Amino acid sequence: MTYQELKAEEEQYVMQTYGRFPIALDHGKGSALWDVSGKRYIDLTSGIGVNCLGYDHPVLTKAITEQIHTLMHVSNLFTTAPMVQTAKTLVSATGMGKVFFANSGAESNEGAIKIARKYAFDKYGMGRHKIVTLWNSFHGRTITTLKATGQTRFHDFFFPFTEGFDYARAGDLDDLKSKVDDSTCAIMMELIQGEGGVLPQDPTFVKAVEALCREKDLLLIIDEVQTGIGRTGSLFCFQQYDIQPDIVTMAKGLGGGVPIGAVMAAKSCCDTLTPGTHATTFGGSPTVCAAANAVLSVVNDPAFLREVREKGAYLKQKLLEFHSPLIKGVRGSGLMLGIIVPDGQHSALAQKLIAHGVLVLTAGQNAIRLLPPLTITYQELDEALALMQPVFCS
Ligand SMILES: *Cc1c(COP(=O)(O)O)cnc(C)c1O
């Protein structure tokens, strides 16, 4: 089928909830993708930070294929080796306590919110349920995680939303303190706001937030759905901030392309959820955990993570060397980068880049967001840069 034929049927049969780019993708290899007409693209998106090992990575493809032949799915009423292995790897790598498996980022954050509220209920009784998040954050699309998201445009249409969220300005400790009271149970934040514009938090602020959480017995929830699994050059971004969160959520990159999320809790609160208080039908199935184990076997390696940092620094430097009037700066960490362009021009530029054969994302008001596969080669990066140059420099 041609793009036009597919698009016509998509419009007829699929709810039109996305502003899709005018491309139908067909297959991929490494960090390259081909559309249905055979045109090749360099992928600097990884889905949206999902395909961290690129396309058809031998370790990941083999692990999933073998697991599907062995045992594709069992319910959570039974235990399986792949699930135990994923949890063990995550806990060993972070010093956290235990893991609950979900199927997406939003669901992982729902789990985190449930832990925070029950932790406070168990210890202090009713009324301690408020969670403070940051303006400009993004935490998901369920009714509750939309309300947790600190952007008012997400608080429309679907009333009534879940109560018990308030918002503070990133980097503003006084504002945050003014939002914390006796009804507060947790503070939840991304360390680099992804959807919000690739905005890294100030390390001093983050340390102060951690101290405030310890002082008031609030749970510190770090949403690593986008920043986790090597994206920023360490297995989790919090490891660069010298903090020990109470809860870390993850999803996107964890399965390298299969839907898996997880909420990981520290020893202080990893036994808060007891039998019957939280569950999911699909979570932690052998197939998605086999995928996660393959991803972690590649990513959770100091040499691999060093390369992520080096490739990110290389990409950043080469973009700045364009000396383009359209590039106001490049921010972010590892292979989570935002090219800052003049306000409002990010969408048009993204469309141009894609037409030139480089897939990119946008974020916030002025960022072109790059989330390439962590396995992208220097050759693929150079190809992408060569394709981007005429867009920024003509
Ligand atoms: C993508 C994202 C989510 C939501 O994840 P889904 O899998 O789409 O539910 C939550 N938090 C952050 C930081 C994200 O980037």
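Residues numbered from 1 in each chain as written. Predicted model: local features only at pLDDT ≥ 70, side-chain atom pairs only at ≥ 80, totals over all residues. Heavy atoms only, no water.

Draft legend 1. Up close: the pattern of salt bridges. If you walk through the whole model with that rule in mind, you get 19 salt bridges. Between Lys7 and Glu10 there is a salt bridge, with the nearest N and O atoms lying 3.2 Å from each other. Of the two residues, Lys7 and Glu10 both sit in helix α1 (residues 3-13), three residues apart, roughly one turn of that helix. Each of the two residues, Lys7 as well as Glu10, counts as buried. Residue Glu66 pairs with Lys62 through a salt bridge whose shortest N-O separation is 3.3 Å. A residue pair is termed a helical-turn pair when its members lie 3 or 4 positions apart in one helix, as Glu66 and Lys62 do in helix α3 (residues 58-70) at four residues. On the basis of relative accessibility, which here comes to 44%, the residue Glu66 falls in the partly exposed class. Salt bridges sharing common partners tie together Lys7, Glu10 and Arg20. (Salt bridge = Lys/Arg side-chain N within 4 Å of Asp/Glu carboxyl O. Helix = DSSP H or I, 4+ residues; strand = E, 2+ residues; numbered from the N terminus. Buried < 20%, exposed > 50% of the residue type's maximum accessible area, 1.4 Å probe, protein only.)

Draft legend 2. Unusual backbone geometry, seen in detail. Going from Phe159 to Pro160, the amide bond is cis rather than trans, its omega being -5°. For Pro160, the position within the fold is in the loop between α6 (143-148) and β6 (165-168). One non-glycine residue, Ile229, lies in the positive phi region at around 60°. By the element assignment, Ile229 lies in the loop between β10 (219-223) and β11 (247-250). A relative accessible area of 2% means that Ile229 is categorised as buried. Here the phi dihedral of His323 falls at roughly 45°; this positive angle occurs in a residue that is not glycine. Structurally, the position occupied by His323 is in the loop between α10 (302-320) and β13 (329-333). Residue His323 is classed as exposed on the basis of its relative accessible area of 69%.

Draft legend 3. Region of the structure containing the site of the ligand. The immediate surroundings of the ligand are formed by Ser104, Gly105, Ala106, Asn109, Phe138, His139, Gly140, Glu190, Asp223, Val225, Gln226 and Lys252. Here an oxygen atom of the ligand and a backbone polar atom of Ala106 are 2.8 Å apart. Separating an oxygen atom of the ligand from a side-chain N or O atom of Lys252 is a distance of 2.6 Å. At three residues, helix α5 (residues 105-124) tops the list of elements feeding residues into the shell around the ligand. Residues of the shell around the ligand, tallied by class, amount to three nonpolar, six polar and three charged. (Near = heavy atom within 4 Å. Polar contact = N/O pair within 3.5 Å; in protein donor to acceptor, adjacent residues only side chain to side chain. Nonpolar A, V, L, I, M, F, W, Y, C, P; charged D, E, K, R; others polar.)

Draft legend 4. Highlighting the pairing of strand β5 (residues 130-134). Counted residue by residue, β5 has five buried out of five residues, so it is predominantly covered. Burial of the side chains of β5 extends over both faces: Lys130, Val132 and Leu134 are buried on one face and Ile131 and Thr133 on the other. Inspection of the sheet shows β5 paired to strand β7 (residues 184-189) by three bridges, in the parallel sense. Counted as the bridge partner of Ile131 is Ala186 from β7. (Pairing = 2+ DSSP bridges.)

Draft legend 5. Layout of the sheet that holds β5. Sheet architecture is open: seven strands sit in the order β4-β12-β11-β10-β7-β5-β6, paired in mixed fashion. The strands lining the two open edges of the sheet, one partner per strand, are β4 (98-102) and β6. Averaged over all pairs of adjacent strands, the angle between strand axes in this sheet comes to 20°, irrespective of strand direction. The sheet contacts of helix α8 (residues 203-216) involve β5, β7 and β10, and relative to β7 the element is tilted by about 160°. (Axes fitted to C-alpha atoms, helices over the stretch in contact; angles between N-to-C directions. Contact = heavy atoms within 4.5 Å.)

Draft legend 6. Region of the structure containing the nonpolar core. If you look at the biggest cluster of nonpolar residues, it comprises 93 residues, and the most contacted ones within it are Leu370, Met388 and Phe392. Looking at this core, the element that brings in the most residues is helix α9 (residues 286-299), giving nine residues. With 20 residues, the next largest nonpolar core counts Tyr119, Ala148, Tyr167 and Ala265 among its residues. (Core = buried A, V, L, I, M, F, W, Y, C linked by side-chain atoms within 4.5 Å.)

Draft legend 7. Molecular detail of the packing of helix α11 (residues 346-355) against helix α12 (residues 378-393). Packing of α11 against α12 leaves a shortest axis separation of 9 Å and a crossing angle of 140°. The angle between the axes of α11 and α12 places the two elements in the oblique class. Pair α11 / α12 crosses with right-handed handedness. Seen from α11, the contacting residues are Leu349, Lys352 and Leu353; seen from α12, they are Met388, Val391 and Phe392. Its residues assigned to classes, the contact of α11 with α12 comprises five nonpolar, no polar and one charged. (Parallel < 35°, antiparallel > 145°, perpendicular 65-115°, else oblique. Left-handed = near helix turned anticlockwise from the far one by under 90°.)

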